[in-house]
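Observations on chain architecture
Here's the letter readout for the chains.
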Amino acid sequence: MKILDRYILTSFLKTFFSVFIILMFIFVLQTIWLYIGELAGKDLDAEVIFKFLLYFSPKLVPLVLPLTILLTSIMVFGSLAENYEFAAMKSSGISLQRAMGGLTIFIVFVSLVAFFFANNVIPAAEFKSINLRKNIAQLKPAMAITEGTFNDIGEFNIKVDKKSGENDQYLDNVIIHQKTANGGNTTVIKAEEGELVGSTDSEVLSLILKKGNYYDEIQPSDYRKRKRKPFTKSYFDEYVINIDLSEFNNVDLEEESYSSAHGMLRIGELSKSIDSFSRNYNTQMHIFKDNMVARSGIPALTLDSNPRDTVMEKQESIIDYFNASDAAQIASRAMGSVNTVKAQLDMKTQEFRLNIKQINKFEIALHEKYVLSIACIVLFFVGAPLGAIIRKGGLGLPIVVAILIFLTYHFIGIFAKNSAEDGSISPFIATWISTWIMLPLGVFLTYRATTDQGLFIFDSILDPIRNLFKKGAGKLRKSGSE
């Protein structure tokens, strides 16, 4: 390695690691604020909180690494241009491409490491992170009754408007939905006041309700009686609910029972999942199509009748051959059948739309593994020539320019991916479009930096305007002299 390459690489590495650590620290702080509701008030020790942040940090790398490369490239090459070091290189016959040569090899190496990281480390961290969050959410539910929202505690969903008292044990306007074995909420309990009795270390939490009513829907075995929607309602002055917390306070934070999210899978697993979901989707579509055709009665129709030689003057309806009572009954049954089919179509449409959205999410996750590594290279070829053009190093203008470019890159990707989830555009296009947009920008900036041109060609815009003013001024002088 030559002295010049070593000098540029050393300058780049120092800035790269400094910027990466600072940006990672900023995004980790944002993560703490984002998930503070899941961490606060759970009586968690520092080790659990550190594990949560450690598992979540790898997910920030696809956001931090491209921004770091872009900002570092602008800062380093801007500093070299500002200190006239590029001028000295060019006077010695060293071009911009030659100066970028050593760093290009390093960036390619970083992109390969980023691909390995995205395919192995991020899925493992996602797996650990989601399972840890699920377990933390179940820890200490006695402390999890917050104001204004429904809180899932055991077999109850509890909502209170306000908590008061020294230990927040007094509750106002309590609403409780009790779950059933099949997952429904047929029992609703409302009370004006409530009181929590017990401690956070107890396995039983007693909830004493005062001045309320108890509402329970009845599900009769006779289907025709269900249309009447029978229910029972009773009033009480005091009602006590005991909630067993033994299963929830003994949460194993190392349990790993959840493993179906697309962010947890590697490339091979994502490809298999996409293939499996696609085949299942096509099978369900064919089955549904055959069922709808069979229900329509079209296969049972016989078309062996002979056409008439004469044309009927009046088109008759088959319902005209029945009396009014039978015709009304036939029409009613036909409308009921049509409404049933329509409701089934609407339900299946929603189901198929969710299936497509799931497949698209897995395809987006698959392409994102490759996008991260390519984006590192593309953004380097955007930042390096841009720094040489603006000729400004440090933490001022380079940060502003880098943030504007990266926000454009990031927002285009976010909007495209959201559209791809709904099927508006292809997941392949959605994940690659922001990189494709940056690629010609990098080529353009590299060309202009190599040819010692500015960022924009202002002369081609200003020269016609100057010529126009010169012609106008010449005509005015000529008319004045006459």
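Since the structure is predicted, the reported quantities are computational estimates derived from the model, not experimental observations.

1. Concerning the overall build of the protein chain
Across its full length, the protein chain holds 13 helices and six strands. For the protein chain, with 482 residues in total, the buried portion stands at 34%. For the protein chain, the share of sequence-separated contacts (at least 6 apart) that also reach a separation of at least 24 residues comes to 70%. Just so you have it, the protein chain exposes about 29,700 Å², and 59% of that area is on carbon and sulfur atoms.

2. Thoughts on the side chain of Thr15
Relative to the helices and strands, Thr15 resides in helix α1 (residues 3-34). Beyond its immediate stretch of four places on either side in the chain, Thr15 contacts Thr72, Met75 and Val76.

3. A few points about unusual backbone geometry
Across residues other than glycine, the phi torsion is negative in most instances, and most of the peptide bonds are trans. Unlike most non-glycine residues, Asn173 shows phi in positive territory, near 55°. As for its position among the elements, Asn173 is in strand β3 (residues 170-178). Residue class for Asn173 comes out partly exposed when judged on its relative accessible area of 40%. The backbone phi angle of Lys211 is positive, close to 55°, even though this residue is not glycine. Along the chain, Lys211 turns up in strand β5 (residues 204-217).

4. A closer look at the UniProt feature "transmembrane region" (unreviewed entry) in the protein chain
As recorded in UniProt, the feature "transmembrane region" (unreviewed entry) lies at residues 12-36, 60-81, 102-122, 370-390, 397-416 and 428-447. Between the end C-alpha atoms of residues 60-81 the distance is 32 Å, and the span holds 95% helix and 0% strand. Helix makes up 100% of residues 102-122 and strand 0%, whereas the separation of the span's terminal C-alpha atoms amounts to 29 Å.

5. Side note on the packing of helix α10 (residues 324-390) against helix α11 (residues 397-421)
Relative orientation of the contacting elements α10 and α11 amounts to 160°, with a least axis distance of 11 Å. In terms of axis orientation, α10 runs roughly antiparallel to α11. The element α10 and its partner α11 pack so that their crossing is right-handed. Touching Lys357, Asn360, Lys361, Ile364, Glu368, Val371, Ala375, Leu379, Val382, Leu386 and Ile390 of α10 are Leu397, Val401, Ile405, Tyr409, Lys417, Ala420 and Glu421, all from α11. Here the contact of α10 with α11 is composed, by residue class, of 12 nonpolar, one polar and five charged.

Conventions and cut-offs
Residues numbered from 1 in each chain as written. Predicted model: local features only at pLDDT ≥ 70, side-chain atom pairs only at ≥ 80, totals over all residues. Heavy atoms only, no water. Helix = DSSP H or I, 4+ residues; strand = E, 2+ residues; numbered from the N terminus. Buried < 20%, exposed > 50% of the residue type's maximum accessible area, 1.4 Å probe, protein only. Contact = heavy atoms within 4.5 Å. Areas by Shrake-Rupley, 256 points an atom, 1.4 Å probe, with all protein chains shown as cover. UniProt positions renumbered as here; feature names shortened; annotations may be inferred. Axes fitted to C-alpha atoms, helices over the stretch in contact; angles between N-to-C directions. Parallel < 35°, antiparallel > 145°, perpendicular 65-115°, else oblique. Left-handed = near helix turned anticlockwise from the far one by under 90°. Nonpolar A, V, L, I, M, F, W, Y, C, P; charged D, E, K, R; others polar.

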